[in-house]
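Understanding the architecture of this molecule
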Amino acid sequence: MEEERIYTIPLRDVTNKSPTTKRAPRAIRAIRAFLMKHMKSDVVKLDNSINEKVWERSLNKIPAKVRVKAVKEGDVVKATLIE
């Protein structure tokens, strides 16, 4: 059974609570944690497009929010970026 959802994941708290040299890695971890919580799964696979969007403007200038389409197949959640 496949379950498909679209989320807007806020990253503003990552920006406000992190030093500039750690923002992008923490944003990736925050996206993964958000999807684990909301899709109720322990295995989350992020598409390369999400990584490129977060790192697009370098390490310290991450986007304020990211729109993601998450598809759950069994116990695995696969997430891709929505433009």
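All chains use their own residue numbering, which begins from 1 and follows the written sequence. The predicted nature of this model means local features are confined to residues of pLDDT at least 70 and side-chain atom pairs, given and counted, to a pLDDT of 80 or more, with totals for whole chains, interfaces and linings taken over all residues. Side-chain measures here rest on the full set of heavy atoms in the structure, leaving out hydrogens and waters.

1. Considerations on the environment of Glu2
Let me state the cut-off plainly: Strands are runs of DSSP state E lasting at least two residues, helices are runs of H or I lasting at least four, and both sets are numbered from the N terminus onward. To sort residues, take the accessible area from a 1.4 Å probe on protein chains only and compare it with the maximum for the residue type: under 20% means buried, over 50% means exposed, and anything in between is partly exposed. Contacts are assigned to residue pairs that have any heavy atoms within 4.5 Å of one another.
Following the sequence through the fold, Glu2 ends up in strand E1 (residues 2-10). With relative accessibility at 56%, the residue Glu2 sits in the exposed group. Each C-alpha atom of the pair Glu2 and Val77 lies 9.8 Å from the other, and the pair is 75 residues apart in sequence. Not counting residues within four places of it along the chain, the set of residues in contact with Glu2 comprises Val71, Lys72 and Glu73.

2. Thoughts on the sheet that holds strand E2 (residues 43-46)
Here is the rule we go by: At least two DSSP bridges between two strands are needed for those strands to be called paired. All axes here are fitted lines through C-alpha atoms, helices being fitted over the stretch that makes contact, and every angle between N-to-C directions spans 0 to 180 degrees.
Spatially, the four strands line up as an open sheet ordered E1-E3-E4-E2, and their pairing is mixed. Bordering the open sheet on either side are E1 and E2, each of which pairs with just one other strand. Within this sheet the neighbouring strands show an average axis-to-axis angle of 25°, counted without direction. Note that E2 and strand E4 (residues 76-81) share four bridges and pair parallel. Counterpart to Lys45 in the pairing with E4 is Lys78. Across the sheet, helix H2 (residues 23-39) touches E1, E2, strand E3 (65-73) and E4, and the angle it forms with E1 is around 135°. Running over the sheet, helix H3 (residues 48-55) touches E2, E3 and E4 and is turned about 50° from E4.

3. Side note on the nonpolar core
We apply this condition: Here the nonpolar core consists of buried residues drawn from Ala, Val, Leu, Ile, Met, Phe, Trp, Tyr and Cys, with membership extended through side-chain atoms lying within 4.5 Å.
Ranked by internal contacts, the top residues of the largest apolar core, which has 21 residues, are Ile9, Leu11, Ile31, Leu35, Val54, Ile62 and Val68. Contributions of two or more residues to this core are made by E1, H2, H3, E3 and E4. Counting residues per element, this core draws most heavily on H2, which supplies seven residues. For Val68, the residues in contact, after removing those within four places along its chain, are Arg5, Ile6, Tyr7, Ile9, Leu35, Ile50, Ala79, Thr80 and Ile82.

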